[in-house]
Amino acid sequence: MSRFEEAVKKYAVLGISVEKALEKLKNVSISLHCWQGDDVRGFDTDPNKPLTGGIQTTGNYPGRARNPEELMADIDKVISLVPGKPKMNLHASYAIFEKGEWVDRDKLEPRHFAKWVQFCKERGLGCDFNPTFFSHPKCDPLTLSSPNEETRKFWIDHGKASIRISSYLAEELGQPCVMNIWTGDGFKDIPGDRLGPRKRYRESIDAILAEPFDFAQVKPCVESKVFGIGVESYTAGSAEFSLAYAAMNKDKCIPLMDNGHYHPTEVVSDKIPAMLAFFDEIALHVTRPVRWDSDHVVLFDDETKEIAKEIVRCGGLEGSVKMALDYFDASINRISAWTVGYRNFQKALLFALLQPVEELKALQDKGNLTKLMVVQEELKTMPFADVWDEFCRVNGAPLDGEWFREVEKYEEEVLLKRN
Ligand code: RNT
Ligand code: ZN
(Lines give C-alpha, C1' and ligand atoms only; values in the text may rest on other atoms or scores of the structure.)
(Ligands and ions follow the chains in the order given, each with its own letter.)
Protein backbone atom coordinates (compact mmCIF):
# COMPACT_ATOMS: atom_id res chain seq x y z
CA MET A 1 0.00 0.00 0.00
CA SER A 2 1.35 3.44 -0.88
CA ARG A 3 1.74 6.15 1.73
CA PHE A 4 -1.16 7.98 0.13
CA GLU A 5 -3.42 4.91 0.34
CA GLU A 6 -2.51 4.51 3.98
CA ALA A 7 -3.35 8.14 4.62
CA VAL A 8 -6.73 7.71 2.91
CA LYS A 9 -7.46 4.79 5.25
CA LYS A 10 -6.47 6.72 8.35
CA TYR A 11 -8.65 9.68 7.43
CA ALA A 12 -11.52 7.32 6.60
CA VAL A 13 -11.45 6.05 10.19
CA LEU A 14 -12.29 9.61 11.24
CA GLY A 15 -15.08 9.71 8.69
CA ILE A 16 -13.15 12.03 6.35
CA SER A 17 -13.13 11.53 2.60
CA VAL A 18 -9.74 12.44 1.20
CA GLU A 19 -11.13 12.13 -2.30
CA LYS A 20 -13.78 14.76 -1.62
CA ALA A 21 -11.22 17.11 -0.08
CA LEU A 22 -8.92 16.81 -3.10
CA GLU A 23 -11.80 17.37 -5.49
CA LYS A 24 -12.99 20.40 -3.60
CA LEU A 25 -9.59 22.11 -3.41
CA LYS A 26 -8.94 21.55 -7.10
CA ASN A 27 -11.63 24.05 -8.01
CA VAL A 28 -10.75 26.71 -5.46
CA SER A 29 -9.57 29.98 -6.91
CA ILE A 30 -6.95 31.98 -5.05
CA SER A 31 -5.82 35.31 -6.49
CA LEU A 32 -2.14 35.64 -7.21
CA HIS A 33 -0.93 39.21 -6.72
CA CYS A 34 1.19 40.47 -9.61
CA TRP A 35 2.97 42.94 -7.31
CA GLN A 36 5.22 40.39 -5.57
CA GLY A 37 7.26 40.22 -8.79
CA ASP A 38 8.53 43.80 -8.91
CA ASP A 39 8.26 45.09 -5.33
CA VAL A 40 4.97 46.91 -6.05
CA ARG A 41 6.57 49.31 -8.54
CA GLY A 42 4.25 48.95 -11.53
CA PHE A 43 4.78 50.27 -15.05
CA ASP A 44 2.93 53.59 -15.17
CA THR A 45 5.24 55.85 -13.18
CA ASP A 46 8.96 56.07 -12.45
CA PRO A 47 9.86 52.63 -11.07
CA ASN A 48 12.45 54.18 -8.78
CA LYS A 49 10.02 56.46 -6.96
CA PRO A 50 9.36 55.55 -3.33
CA LEU A 51 6.44 53.31 -2.43
CA THR A 52 3.93 55.49 -0.55
CA GLY A 53 0.70 54.92 1.36
CA GLY A 54 2.32 53.46 4.46
CA ILE A 55 3.46 50.27 2.74
CA GLN A 56 7.06 49.27 2.25
CA THR A 57 9.14 46.62 0.61
CA THR A 58 12.54 45.90 2.07
CA GLY A 59 15.45 44.13 0.45
CA ASN A 60 17.16 44.27 -2.89
CA TYR A 61 17.35 40.65 -3.99
CA PRO A 62 18.48 40.39 -7.61
CA GLY A 63 16.07 39.56 -10.43
CA ARG A 64 13.16 41.96 -9.99
CA ALA A 65 10.89 42.03 -13.05
CA ARG A 66 11.45 45.33 -14.87
CA ASN A 67 8.78 45.22 -17.56
CA PRO A 68 5.58 43.37 -18.52
CA GLU A 69 7.43 40.63 -20.41
CA GLU A 70 9.63 39.79 -17.44
CA LEU A 71 6.74 39.94 -14.99
CA MET A 72 4.62 37.65 -17.16
CA ALA A 73 7.48 35.20 -17.59
CA ASP A 74 7.94 35.11 -13.81
CA ILE A 75 4.23 34.57 -13.23
CA ASP A 76 4.33 31.71 -15.72
CA LYS A 77 7.12 30.14 -13.73
CA VAL A 78 5.04 30.39 -10.55
CA ILE A 79 1.99 28.93 -12.30
CA SER A 80 4.09 25.93 -13.30
CA LEU A 81 5.10 25.39 -9.67
CA VAL A 82 1.72 25.50 -7.96
CA PRO A 83 -1.08 22.95 -8.20
CA GLY A 84 -4.17 24.02 -10.13
CA LYS A 85 -4.87 27.41 -11.65
CA PRO A 86 -4.63 30.70 -9.79
CA LYS A 87 -6.67 33.78 -10.60
CA MET A 88 -4.60 36.84 -11.53
CA ASN A 89 -4.71 39.99 -9.43
CA LEU A 90 -3.56 43.24 -11.02
CA HIS A 91 -3.08 46.77 -9.82
CA ALA A 92 -3.95 49.67 -12.13
CA SER A 93 -0.29 50.70 -12.03
CA TYR A 94 0.46 47.61 -14.14
CA ALA A 95 -1.24 49.11 -17.22
CA ILE A 96 0.63 48.27 -20.39
CA PHE A 97 0.99 51.17 -22.84
CA GLU A 98 1.88 51.06 -26.50
CA LYS A 99 5.27 52.52 -27.31
CA GLY A 100 5.22 56.29 -26.86
CA GLU A 101 1.78 56.30 -25.26
CA TRP A 102 1.05 57.17 -21.65
CA VAL A 103 -2.07 58.30 -19.80
CA ASP A 104 -2.49 59.23 -16.18
CA ARG A 105 -4.51 57.00 -13.83
CA ASP A 106 -7.73 59.00 -14.20
CA LYS A 107 -7.70 58.30 -17.94
CA LEU A 108 -6.91 54.58 -17.93
CA GLU A 109 -9.00 52.48 -20.27
CA PRO A 110 -9.71 48.78 -20.66
CA ARG A 111 -7.43 48.63 -23.68
CA HIS A 112 -4.45 49.35 -21.42
CA PHE A 113 -5.08 45.91 -19.95
CA ALA A 114 -5.61 44.09 -23.26
CA LYS A 115 -2.22 42.39 -23.00
CA TRP A 116 -3.12 41.09 -19.55
CA VAL A 117 -6.44 39.83 -20.90
CA GLN A 118 -4.58 37.99 -23.60
CA PHE A 119 -2.20 36.57 -20.99
CA CYS A 120 -5.11 35.35 -18.86
CA LYS A 121 -7.08 34.00 -21.82
CA GLU A 122 -4.17 31.95 -23.08
CA ARG A 123 -3.88 30.36 -19.66
CA GLY A 124 -7.59 30.14 -18.84
CA LEU A 125 -7.35 32.47 -15.83
CA GLY A 126 -9.76 34.99 -14.32
CA CYS A 127 -8.49 38.32 -13.07
CA ASP A 128 -9.09 40.64 -10.11
CA PHE A 129 -8.27 44.33 -10.14
CA ASN A 130 -7.20 47.17 -7.87
CA PRO A 131 -7.22 50.91 -8.46
CA THR A 132 -3.80 52.20 -7.34
CA PHE A 133 -4.21 55.07 -4.87
CA PHE A 134 -0.53 55.24 -3.87
CA SER A 135 2.99 55.87 -5.21
CA HIS A 136 1.87 58.71 -7.47
CA PRO A 137 2.58 62.48 -7.58
CA LYS A 138 -1.12 63.23 -7.04
CA CYS A 139 -1.13 61.70 -3.54
CA ASP A 140 -1.09 65.00 -1.64
CA PRO A 141 -0.58 62.73 0.51
CA LEU A 142 -4.34 62.13 0.75
CA THR A 143 -6.31 60.78 -2.21
CA LEU A 144 -10.02 59.99 -1.88
CA SER A 145 -10.17 61.88 1.42
CA SER A 146 -8.23 64.95 0.27
CA PRO A 147 -9.63 68.41 1.04
CA ASN A 148 -8.31 69.51 -2.35
CA GLU A 149 -11.23 69.02 -4.73
CA GLU A 150 -9.02 68.69 -7.77
CA THR A 151 -6.98 65.92 -6.16
CA ARG A 152 -10.09 64.17 -4.93
CA LYS A 153 -11.69 64.33 -8.38
CA PHE A 154 -8.57 62.87 -9.98
CA TRP A 155 -8.74 59.86 -7.67
CA ILE A 156 -12.51 59.45 -8.03
CA ASP A 157 -12.01 59.39 -11.79
CA HIS A 158 -9.33 56.77 -11.29
CA GLY A 159 -11.80 54.69 -9.27
CA LYS A 160 -14.43 55.01 -11.99
CA ALA A 161 -11.93 54.06 -14.68
CA SER A 162 -11.07 51.03 -12.54
CA ILE A 163 -14.73 49.96 -12.42
CA ARG A 164 -14.83 50.06 -16.22
CA ILE A 165 -11.61 48.06 -16.44
CA SER A 166 -12.94 45.53 -13.92
CA SER A 167 -16.13 45.09 -15.97
CA TYR A 168 -13.97 44.52 -19.04
CA LEU A 169 -11.85 41.90 -17.25
CA ALA A 170 -14.94 40.08 -15.98
CA GLU A 171 -16.59 40.09 -19.37
CA GLU A 172 -13.53 39.06 -21.34
CA LEU A 173 -12.46 36.32 -18.95
CA GLY A 174 -15.88 35.00 -17.98
CA GLN A 175 -15.23 35.23 -14.22
CA PRO A 176 -16.32 37.92 -11.77
CA CYS A 177 -13.67 40.52 -10.99
CA VAL A 178 -13.06 41.53 -7.38
CA MET A 179 -12.09 45.22 -7.35
CA ASN A 180 -10.51 46.35 -4.13
CA ILE A 181 -10.43 49.93 -2.92
CA TRP A 182 -7.59 50.62 -0.52
CA THR A 183 -5.97 53.96 0.16
CA GLY A 184 -3.17 54.78 2.56
CA ASP A 185 -4.88 58.07 3.43
CA GLY A 186 -3.95 59.12 6.93
CA PHE A 187 -1.63 61.15 9.14
CA LYS A 188 1.67 60.59 10.87
CA ASP A 189 0.65 62.68 13.83
CA ILE A 190 -2.47 63.71 15.73
CA PRO A 191 -4.94 65.09 13.17
CA GLY A 192 -6.87 68.32 13.71
CA ASP A 193 -9.92 66.82 12.07
CA ARG A 194 -10.72 63.13 12.11
CA LEU A 195 -14.24 63.35 10.72
CA GLY A 196 -13.70 65.55 7.64
CA PRO A 197 -11.40 63.14 5.76
CA ARG A 198 -13.74 60.24 6.51
CA LYS A 199 -16.79 62.11 5.24
CA ARG A 200 -14.92 62.95 2.05
CA TYR A 201 -13.68 59.36 1.75
CA ARG A 202 -17.24 58.12 2.07
CA GLU A 203 -18.48 60.56 -0.58
CA SER A 204 -15.64 59.57 -2.88
CA ILE A 205 -16.43 55.86 -2.67
CA ASP A 206 -20.09 56.72 -3.30
CA ALA A 207 -19.03 58.65 -6.41
CA ILE A 208 -16.86 55.77 -7.65
CA LEU A 209 -19.60 53.20 -7.13
CA ALA A 210 -22.06 55.45 -8.97
CA GLU A 211 -20.24 54.36 -12.13
CA PRO A 212 -22.57 51.74 -13.66
CA PHE A 213 -21.57 48.07 -13.20
CA ASP A 214 -23.15 44.67 -12.74
CA PHE A 215 -22.64 43.58 -9.11
CA ALA A 216 -22.72 39.93 -10.21
CA GLN A 217 -19.65 40.59 -12.36
CA VAL A 218 -17.73 43.30 -10.54
CA LYS A 219 -17.26 43.00 -6.79
CA PRO A 220 -16.02 46.29 -5.37
CA CYS A 221 -14.48 45.92 -1.90
CA VAL A 222 -13.36 48.34 0.77
CA GLU A 223 -10.22 47.32 2.63
CA SER A 224 -9.64 48.71 6.12
CA LYS A 225 -6.35 49.36 7.86
CA VAL A 226 -5.21 50.22 11.34
CA PHE A 227 -2.02 52.16 10.52
CA GLY A 228 0.96 52.30 8.17
CA ILE A 229 4.58 53.48 8.28
CA GLY A 230 4.46 57.27 8.26
CA VAL A 231 0.71 57.10 8.85
CA GLU A 232 0.80 55.99 12.47
CA SER A 233 -1.74 58.19 14.16
CA TYR A 234 -4.77 58.19 11.92
CA THR A 235 -6.08 56.11 9.01
CA ALA A 236 -9.17 57.42 7.22
CA GLY A 237 -10.23 53.92 6.10
CA SER A 238 -10.21 52.41 9.57
CA ALA A 239 -11.94 49.13 10.48
CA GLU A 240 -15.14 50.81 11.63
CA PHE A 241 -15.22 53.11 8.62
CA SER A 242 -14.85 50.28 6.11
CA LEU A 243 -17.14 47.86 7.86
CA ALA A 244 -19.85 50.49 8.21
CA TYR A 245 -19.45 51.50 4.58
CA ALA A 246 -19.80 47.93 3.36
CA ALA A 247 -22.71 47.21 5.70
CA MET A 248 -24.61 50.24 4.46
CA ASN A 249 -23.91 49.52 0.80
CA LYS A 250 -24.48 45.79 0.66
CA ASP A 251 -26.03 46.05 -2.78
CA LYS A 252 -22.80 47.23 -4.38
CA CYS A 253 -19.84 46.61 -2.12
CA ILE A 254 -18.25 43.95 0.10
CA PRO A 255 -15.83 44.27 3.02
CA LEU A 256 -12.22 43.16 2.61
CA MET A 257 -10.07 42.11 5.55
CA ASP A 258 -6.29 41.97 5.25
CA ASN A 259 -4.87 40.02 8.18
CA GLY A 260 -1.98 42.49 8.45
CA HIS A 261 -4.34 45.38 9.13
CA TYR A 262 -5.38 44.86 12.74
CA HIS A 263 -3.90 45.23 16.17
CA PRO A 264 -1.40 42.40 16.72
CA THR A 265 -3.58 40.31 19.02
CA GLU A 266 -6.68 40.56 16.84
CA VAL A 267 -7.15 37.66 14.44
CA VAL A 268 -8.95 37.66 11.11
CA SER A 269 -9.78 33.97 11.55
CA ASP A 270 -12.31 34.96 14.20
CA LYS A 271 -13.58 37.91 12.17
CA ILE A 272 -14.53 35.68 9.21
CA PRO A 273 -17.51 33.96 10.92
CA ALA A 274 -18.48 37.23 12.59
CA MET A 275 -18.71 38.94 9.21
CA LEU A 276 -20.43 35.99 7.54
CA ALA A 277 -23.21 36.26 10.10
CA PHE A 278 -24.14 39.50 8.29
CA PHE A 279 -22.60 39.51 4.80
CA ASP A 280 -23.28 37.12 1.91
CA GLU A 281 -19.81 37.79 0.60
CA ILE A 282 -16.53 38.94 2.11
CA ALA A 283 -13.02 39.26 0.69
CA LEU A 284 -9.63 38.52 2.23
CA HIS A 285 -6.04 39.55 1.73
CA VAL A 286 -3.94 36.76 3.11
CA THR A 287 -0.55 37.91 4.30
CA ARG A 288 1.80 37.52 7.27
CA PRO A 289 2.31 40.49 9.51
CA VAL A 290 5.44 40.38 11.65
CA ARG A 291 4.88 42.97 14.43
CA TRP A 292 3.25 45.29 11.88
CA ASP A 293 1.77 45.05 8.36
CA SER A 294 5.13 43.87 7.11
CA ASP A 295 3.71 41.66 4.36
CA HIS A 296 6.04 38.73 4.89
CA VAL A 297 5.52 35.58 2.81
CA VAL A 298 2.54 33.49 3.96
CA LEU A 299 3.69 30.46 5.95
CA PHE A 300 1.90 27.26 6.92
CA ASP A 301 1.52 28.72 10.39
CA ASP A 302 -1.18 28.64 13.03
CA GLU A 303 -3.13 31.72 11.99
CA THR A 304 -3.02 30.83 8.28
CA LYS A 305 -4.40 27.40 9.20
CA GLU A 306 -7.03 28.99 11.42
CA ILE A 307 -8.11 31.38 8.64
CA ALA A 308 -8.38 28.47 6.21
CA LYS A 309 -10.36 26.44 8.75
CA GLU A 310 -12.90 29.20 9.16
CA ILE A 311 -13.24 29.67 5.41
CA VAL A 312 -13.93 25.94 4.99
CA ARG A 313 -16.20 25.57 8.03
CA CYS A 314 -18.27 28.61 7.10
CA GLY A 315 -18.80 27.36 3.55
CA GLY A 316 -16.52 30.04 2.13
CA LEU A 317 -15.20 27.80 -0.63
CA GLU A 318 -18.67 27.91 -2.17
CA GLY A 319 -17.88 31.46 -3.28
CA SER A 320 -18.79 33.62 -0.31
CA VAL A 321 -15.15 34.24 0.61
CA LYS A 322 -12.96 35.83 -2.08
CA MET A 323 -9.36 34.88 -1.34
CA ALA A 324 -6.33 36.81 -2.49
CA LEU A 325 -2.71 36.82 -1.44
CA ASP A 326 -1.14 40.16 -0.57
CA TYR A 327 2.50 40.27 0.45
CA PHE A 328 5.75 41.49 -1.04
CA ASP A 329 9.20 40.45 0.06
CA ALA A 330 12.12 41.94 -1.87
CA SER A 331 14.79 40.27 0.26
CA ILE A 332 14.46 36.75 -1.15
CA ASN A 333 13.93 35.15 -4.54
CA ARG A 334 10.55 36.53 -5.64
CA ILE A 335 9.46 33.41 -7.55
CA SER A 336 10.08 31.41 -4.41
CA ALA A 337 8.23 33.99 -2.28
CA TRP A 338 5.16 33.75 -4.53
CA THR A 339 5.30 29.95 -4.72
CA VAL A 340 5.82 29.31 -1.01
CA GLY A 341 2.94 31.60 -0.06
CA TYR A 342 0.55 30.23 -2.65
CA ARG A 343 1.31 26.61 -1.86
CA ASN A 344 1.08 27.30 1.86
CA PHE A 345 -2.35 28.77 1.56
CA GLN A 346 -3.46 25.77 -0.50
CA LYS A 347 -1.94 23.52 2.16
CA ALA A 348 -3.86 25.35 4.86
CA LEU A 349 -7.10 24.89 2.92
CA LEU A 350 -6.40 21.20 2.38
CA PHE A 351 -5.57 20.78 6.06
CA ALA A 352 -8.93 22.38 6.85
CA LEU A 353 -10.77 20.19 4.36
CA LEU A 354 -9.40 17.11 6.13
CA GLN A 355 -11.20 17.80 9.39
CA PRO A 356 -14.38 16.16 10.69
CA VAL A 357 -16.31 19.42 10.72
CA GLU A 358 -19.68 17.93 11.66
CA GLU A 359 -18.21 15.89 14.50
CA LEU A 360 -16.39 18.92 15.91
CA LYS A 361 -19.56 20.99 15.81
CA ALA A 362 -21.52 18.23 17.52
CA LEU A 363 -18.93 17.86 20.26
CA GLN A 364 -19.10 21.59 20.92
CA ASP A 365 -22.89 21.68 20.93
CA LYS A 366 -23.09 18.71 23.28
CA GLY A 367 -20.63 20.44 25.57
CA ASN A 368 -18.03 17.70 25.23
CA LEU A 369 -15.18 20.15 25.21
CA THR A 370 -12.68 17.60 26.52
CA LYS A 371 -13.06 15.35 23.51
CA LEU A 372 -13.19 18.40 21.24
CA MET A 373 -9.69 19.31 22.37
CA VAL A 374 -8.38 15.76 22.00
CA VAL A 375 -9.76 15.31 18.49
CA GLN A 376 -8.47 18.69 17.34
CA GLU A 377 -5.01 17.99 18.73
CA GLU A 378 -4.79 14.56 17.15
CA LEU A 379 -5.69 15.97 13.74
CA LYS A 380 -2.39 17.82 13.80
CA THR A 381 -0.35 14.63 13.45
CA MET A 382 -2.45 12.92 10.79
CA PRO A 383 -0.54 11.99 7.59
CA PHE A 384 -1.49 15.25 5.91
CA ALA A 385 1.74 15.53 3.91
CA ASP A 386 0.92 12.40 1.91
CA VAL A 387 -2.38 13.89 0.85
CA TRP A 388 -0.69 17.17 -0.09
CA ASP A 389 1.80 15.28 -2.27
CA GLU A 390 -1.09 13.55 -4.01
CA PHE A 391 -2.79 16.90 -4.59
CA CYS A 392 0.37 18.21 -6.27
CA ARG A 393 0.72 15.03 -8.33
CA VAL A 394 -2.81 15.03 -9.72
CA ASN A 395 -2.77 18.75 -10.40
CA GLY A 396 0.42 18.85 -12.41
CA ALA A 397 2.71 20.49 -9.90
CA PRO A 398 6.07 19.42 -8.52
CA LEU A 399 6.10 18.07 -4.95
CA ASP A 400 7.68 19.71 -1.92
CA GLY A 401 11.37 18.94 -2.23
CA GLU A 402 11.20 19.17 -6.02
CA TRP A 403 10.02 22.62 -7.06
CA PHE A 404 12.78 24.68 -5.50
CA ARG A 405 15.33 23.19 -7.90
CA GLU A 406 13.30 24.73 -10.70
CA VAL A 407 13.53 28.12 -9.01
CA GLU A 408 17.28 27.82 -8.61
CA LYS A 409 17.61 26.96 -12.28
CA TYR A 410 15.40 29.88 -13.30
CA GLU A 411 17.39 32.20 -11.07
CA GLU A 412 20.61 31.15 -12.70
CA GLU A 413 19.34 31.16 -16.26
CA VAL A 414 17.01 34.16 -16.16
CA LEU A 415 16.88 36.26 -13.00
CA LEU A 416 20.59 36.78 -12.46
CA LYS A 417 20.92 38.04 -16.01
CA ARG A 418 18.68 41.00 -15.14
CA ASN A 419 20.38 43.83 -13.33
C1 RNT B 1 -1.76 47.84 1.94
C2 RNT B 1 -2.90 46.97 1.52
C3 RNT B 1 -3.11 46.84 0.04
C4 RNT B 1 -1.82 46.68 -0.73
C5 RNT B 1 -1.98 46.22 -2.16
C6 RNT B 1 -0.76 46.46 -2.97
O7 RNT B 1 -1.54 47.82 3.28
O8 RNT B 1 -2.77 45.72 2.10
O9 RNT B 1 -4.00 45.83 -0.20
O10 RNT B 1 -0.94 45.80 -0.10
O11 RNT B 1 -3.10 46.77 -2.71
ZN1 ZN C 1 -4.09 44.21 1.46
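One structure accompanies this document, and this report is about it. Computed from a prediction, not measured in an experiment: that's the story for all the values here.

## Regarding helix H12 (residues 369-379)
Taken together, the buried positions of H12 are occupied by Leu372, Val375 and Leu379. Angularly, the buried residues of H12 cover 70° about the axis, an arc narrow enough to put them on a single face. Every exposed residue of H12 that faces more than 90 degrees away from the buried side is listed here: Thr370, Met373 and Glu378. Turning to H12, the residues buried within the fold contact helix H10 (334-353) and helix H11 (357-366).

## Quick notes on the coordination of the zinc ion (ligand 2)
Bound to the zinc ion (ligand 2) are the protein donor atoms Glu223 (OE), Asp258 (OD), His285 (ND1) and Asp326 (OD), situated 2.1 to 2.2 Å from the metal. Because the angles between the 6 donor atoms bound to the zinc ion (ligand 2) fall within 72 to 174°, the donor set is best described as octahedral. The sequence motif formed by the donor residues of the zinc ion (ligand 2) is E-x34-D-x26-H-x40-D. One end of the pair, Asp258, is in strand S8 (residues 254-258); the other, His285, is in strand S9 (residues 282-286), with 27 residues separating them in the sequence. In this structure, Asp258 and His285 share a single accessibility class: buried.

## What to know about the pairing of strand S6 (residues 218-223)
Along any regular strand the residues' side chains alternate between the sheet's two faces. Buried residues dominate S6, accounting for 6 of its 6 residues. Both strand S4 (residues 177-181) and S6 contribute to a ladder of 5 bridges, which runs parallel. Across the sheet, residue Cys177 finds its bridge partner in S6, namely Val218. Here S6 pairs with S8 via 3 bridges, running parallel. Bridge assignment links Cys221 to a residue of S8, and that residue is Ile254.

## Some points on the nonpolar core
If you look at the biggest cluster of nonpolar residues, it comprises 121 residues, and the most contacted ones within it are Ile75, Trp116, Leu284, Leu349 and Leu350. Of all the elements, H10 adds the most residues to this core, at 11 residues. In this view, Trp116 contacts Phe43, Leu71, Met72, Ile75, Leu90, Tyr94 and Ile96; residues no more than four positions away in its chain are not counted. In terms of nonpolar packing, the next biggest core, distinct from the first, is built from 6 residues, Val178, Phe215, Ile254 and Leu256 among them.

Scoring rules and cut-offs
Residues numbered from 1 in each chain as written. Chains lettered and ligands numbered in written order. Predicted model: local features only at pLDDT ≥ 70, side-chain atom pairs only at ≥ 80, totals over all residues. Heavy atoms only, no water. Buried < 20%, exposed > 50% of the residue type's maximum accessible area, 1.4 Å probe, protein only. Helix = DSSP H or I, 4+ residues; strand = E, 2+ residues; numbered from the N terminus. Arc of directions from axis to C-beta. Contact = heavy atoms within 4.5 Å. Donors = N, O, S within 2.8 Å, 3.2 Å for Na, K, Ca; no water. Tetrahedral: all angles 85-135°; square planar, octahedral: opposite > 155°, others 65-115°. Pairing = 2+ DSSP bridges. Core = buried A, V, L, I, M, F, W, Y, C linked by side-chain atoms within 4.5 Å.

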